Amino acid sequence: MDQSLQPSLLAGFDLSAPLPGIPHMASTLPIARVVIDSALPHLDRPFDYLVPAELDAAARPGVRVKVRFGGQELAGFLVERLEHSEPGIKLQPLRAVVSPEVVLSAEVLAAARAVAERYAGGVWDVLRSAVPARMARAETEKTDAGDGIRADEPPAAGPAVDAPAVIDPAGKSPAGEPAGGSPAPLLSEYHGGADYARMLRTGGSPRAVLSAVPNRPGDWPALLLEASELVLASGRGVLIVVPDARDMARLCATLDERLGPEAYARLTAEDGATPRYRNFLRVARGSARLVVGTRNAAFAPVKDLGLAIIWDDADNSHAEPRAPYHHAREVLLLRCGIENAGLLLAAPGRSAEAQRLVRSGWAHELEADRKLLRAHAPRVIAASDEFEAERDPLLHAARLPAAAWREAKAALARGPVLVQVARTGFMPALRCERCRTPARCTACNGPLALGDARGAPACGWCGLVAHDWSCGECGFMRLRAASIGADRTAEELGRAFPGIKVVAATGAKPLHAVPDAPALVVATPGAEPVAANGYAAVLLLDGDRMLAREGLRTGEEVLNRWMGAAHLARGRDATEGHPGGGTVVVAGDPTEPMRALVRFDAAAYAQAELDERRTLGLPPAVRTAMVKGPAGTADKFMDALVLGDEVRRHGPVLLGEGEHRWLLFFSYAQGPAVTAALRALRATFSAAKEPVVAIRIDPDGIL
């Protein structure tokens, strides 16, 4: 007897259709791992989401997405597609794929994570610097033929190469290669430069540090371009990072002349959001293999990165002012390790960090030949030496020594003269004429300054005009200058050199270039314009005032500023394209930075500084960390921080308004463990809703 079948309760229903309220998921790799936009330390990790079927094609690693988190919609980056997630967790679906453009490559993500680990920060804070804000119109614009490369398409393979050789410090050409046939004439002028160039050309990844020789053909932009062309010829990409818009303009002028404006992509905030994002897309799509830019261009997604170059790594503009306060030099060091790329640290001088890389053997030094350097560097005169002191009895009181006045007068017959001063403004600091007490505002105790010769002193903090000021110590009502700015210097020089044009160039009034004509150019450090054929003379004033500032790096910073200005002067000897006869006069008492400038040997000064700091256990011979926050929270944080006895702790220091600051000193080998402990503990405090402490790794300016 046949047994009747029980009819199905779901008969007639389409079981392939999704249930109400539950979207149909992607059939393969249905899990999306997302880094969300959150500054909370305990949320500094990726979260898993479901990929709806309709977003399957667009939801690729590296795209921008929108997700639901904590009752609100947040932005994020999809960083990975997975087959399975952690068990027992109910996942939300992706809300949207903002754009199908892959803007976050796997290499840049790895670098961002490495930077966050090194600086004890959050990955999203780093990605905020790495990926520029989206400009939708730039994504839909008609692209060039080269922009048709897909972001996930691997770049064309470079030529097969042999394993790179070791750089020969003697600079001898390898066997079978003619000594005079180097395709890198500028690099070959340095000891080991020919070997370095050969390794770049054959696909190697050498790492080098050099102090550039001034007044060579094309100057430093031509030197960087020469190294770049060797790598580009091997089928790999190049990334060049410069400090500011002035250096950017100078480098791009050389690139435009030699390669053309379409041969590279520039990434700088000075260009505006849309042009910057448009160029970023060119790099991300693989159509631009040569990238130049400022600070955050260190994260540019260059395909098959073969060489990273940073110019003047000691410039403060390379340091990111937002958390986690990373430095472009350290970003490039991490990227070179991750992507097996070469590195070139080039500068007019030498930072202690660059010298540490040479001393440790991580990078080779490309040392300039002293005979070549003497011929092309300007003649440096110390206005305070014994000979000048005997000739100038008022040397100790004069801001413009007699030697500087004589050199400037003679040089003005041949071309422009650069005058570097310490500060901008007219009289940026005032004091009582009788007792020399600094002049302060009666309302907020801020410093008083004078904006021009006809105005009244005003507070630099609150802006209050002090018409009837009187000294709080002696009651005297007359003021004198405690510091002379660029504007007052220009006014005084105009009277001292009648009939000569006087130009001021400061951060507030930038000027990138001046013609090859007699003129006095007064500039603050870092704002010096470039003269067409170099300056006939460079006067470095306010040396004592610049070196009087307290700080561990004061001497190093001042020497770097002096070297940067000296590189703008003409060389001692005349060469093709360079008139010669350039001089540099430095005013101030004899100091080690001044002696290093006279010798034009910043590397020796950096090595001496590094040796002394190694003995004292100070950076960059060791690493440092600063923990700052409300007194109770900062002290509680440090009590809970478990580190080895080798890590030195100093603090707490009361900063005012109930804040405490602690300092940690540790070796480079201990760095990963210390920063990991700081990150983990801050995440724990954040999850417990404790006030978040500020953490800065290797901070500048606190010692």
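Caption draft 1: Inspection of the overall build of the protein chain at higher detail. Across its full length, the protein chain carries 19 helices and 29 strands. Per-residue burial over the protein chain gives 50% buried out of 703 residues. The contacts of the protein chain with a sequence gap of at least 6 include a subset with a gap of at least 24, amounting to 72%. Of the roughly 32200 Å² that the protein chain leaves accessible, carbon and sulfur atoms contribute 53%.

Caption draft 2: Local environment of the environment of N560. Of note, N560 is situated in helix α15 (residues 554–566). Considered as a pair, N560 and D315 are 245 residues apart in the sequence and their alpha carbons are 8.1 Å apart. Each residue touching N560, except ones within four places of it in the same chain, is listed here: D312, A314, D315 and G349.

Caption draft 3: Representation of the pattern of salt bridges in the model. All told, the structure shown has 39 salt bridges when counted by the stated rule. D56 is paired through a salt bridge with R81; the nearest N and O atoms lie 2.7 Å apart. Of this pair, D56 sits in the loop between β2 (47–50) and β3 (64–69) while R81 sits in strand β4 (residues 72–82), and the two are 25 residues apart along the sequence. Owing to a relative accessible area of 14%, R81 belongs among the buried residues under this scheme. With a shortest N-O distance of 3.0 Å, E139 and R134 are connected by a salt bridge. Linked through salt bridges whose partners overlap, the residues forming this network are R118, D313, R329, E330, R623 and D698.

Caption draft 4: The arrangement of the packing of helix α9 (residues 352–360) against helix α17 (residues 602–616) in detail. Look at α9 against α17: their axes get within 9 Å of each other, and the N-to-C directions meet at 80°. The angle between α9 and α17 places the two elements in the roughly perpendicular class. Residue-level contacts link A352, Q355, R356 and R359 of α9 to A603, A606, Q607, L610, D611, R613 and R614 of α17. Residue composition of the contact of α9 with α17, grouped by class: four nonpolar, two polar and five charged.

Caption draft 5: Inspection of the sheet that holds strand β25 (residues 583–586) at higher detail. Strand order in the open sheet formed by six strands is β14-β25-β24-β15-β22-β20, with parallel pairing between adjacent strands. Here the strands that pair on one side only, and so sit at the sheet edges, are β14 (379–382) and β20 (502–505). Averaged over all neighbouring strand pairs, the angle between strand axes comes to 20°, with direction disregarded. Sitting on the sheet, α15 touches β15 (417–420), β24 (537–540) and β25, and the angle it makes with β15 is about 170°.

Caption draft 6: Summary view of the side chain of R335. Structurally, the position occupied by R335 is in helix α8 (residues 328–339). Overall, the relative accessible area of 1% leaves R335 in the buried class. Within polar-contact distance, the side chain of R335 engages the backbone oxygen of A300 at 2.6 Å. Non-local contacts of R335, meaning those with residues more than four positions away in its chain, are made with V108, A111, L239, A298, F299, A300, V302, L305 and N340.

Caption draft 7: α9, seen in detail. Among the nine residues of α9, seven are classified as buried, and the element is accordingly described as predominantly covered. Those residues of α9 not exposed but buried are A352, E353, A354, Q355, R356, L357 and V358. Two residues or fewer after α9 comes G361, characterised by a positive phi angle close to 85°.

Caption draft 8: View of a positive patch on the surface. On the surface, R370, K371, R374, R572 and R599 cluster together into a positively charged patch. Here the element with the most residues in the positive patch is helix α10 (residues 370–376); it accounts for three residues. Along the chain, the position of R374 falls in helix α10. R374 gets classed as partly exposed once you look at its relative accessible area, which sits at 49%.

Caption draft 9: Structural detail: the sheet that holds β3. The strand order across the open sheet formed by five strands is β2-β1-β4-β3-β5, and the pairing between neighbours is antiparallel. At either end of the open sheet lies a strand with only one pairing partner, and these are β2 and β5 (96–99). When strand polarity is set aside, the average angle formed by the axes of neighbouring strands in this sheet is 50°. Here strand β1 (residues 31–36) pairs with β2 via four bridges, running antiparallel. Considered in β2, the bridge of I31 is made with L50. Seen against the sheet, helix α2 (residues 123–130) touches β1 and β4 and runs at an angle of roughly 90° to β4.

Caption draft 10: Region of interest: the nonpolar core. In terms of nonpolar packing, the biggest core is built from 69 residues, with F637, L664 and L678 touching the most fellow members. Every residue in contact with L664, bar those within four places of it in the chain, is listed here: R623, T624, A625, M638, L641, L643, V647, R648, R649 and L678. A208, W311, L373 and V538 belong to the second-largest nonpolar core, a separate cluster that totals 68 residues.

Caption draft 11: Focus on the packing of aromatic side chains. Within the structure shown, the criterion is met by six aromatic pairs. Look at Y277 and F280: their rings are 6.2 Å apart centre to centre, the planes differ by 15°, and that puts the pair in the stacked class. Of this pair, Y277 and F280 both sit in helix α7 (residues 273–284), three residues apart, which is roughly one turn of that helix. Across this residue pair, the class does not change: Y277 and F280 are buried. Against the face of Y119 rests R118, its NZ or CZ located 5.1 Å from the ring centre. The ring of Y668 has R356 sitting right over it, with the charged end atom 3.8 Å from the ring centre.

Cut-offs and rules
Residues numbered from 1 in each chain as written. Predicted model: local features only at pLDDT ≥ 70, side-chain atom pairs only at ≥ 80, totals over all residues. Heavy atoms only, no water. Helix = DSSP H or I, 4+ residues; strand = E, 2+ residues; numbered from the N terminus. Buried < 20%, exposed > 50% of the residue type's maximum accessible area, 1.4 Å probe, protein only. Contact = heavy atoms within 4.5 Å. Areas by Shrake-Rupley, 256 points an atom, 1.4 Å probe, with all protein chains shown as cover. Salt bridge = Lys/Arg side-chain N within 4 Å of Asp/Glu carboxyl O. Axes fitted to C-alpha atoms, helices over the stretch in contact; angles between N-to-C directions. Parallel < 35°, antiparallel > 145°, perpendicular 65-115°, else oblique. Nonpolar A, V, L, I, M, F, W, Y, C, P; charged D, E, K, R; others polar. Pairing = 2+ DSSP bridges. Polar contact = N/O pair within 3.5 Å; in protein donor to acceptor, adjacent residues only side chain to side chain. Patch = residues over 30% accessible without salt bridge, like charges linked within 9 Å, V, L, I, M, F, W, Y side chains within 5 Å. Lys, Arg positive; Asp, Glu negative; His and termini not counted. Charge placed at Lys NZ, Arg CZ, Asp CG, Glu CD. Core = buried A, V, L, I, M, F, W, Y, C linked by side-chain atoms within 4.5 Å. Phe/Tyr/Trp six-rings, centres within 6.5 Å; stacked < 30°, edge-to-face > 60°. Lys NZ or Arg CZ within 6 Å of the ring centre and 35° of its normal.

Shape is all these values report; function is a separate question.
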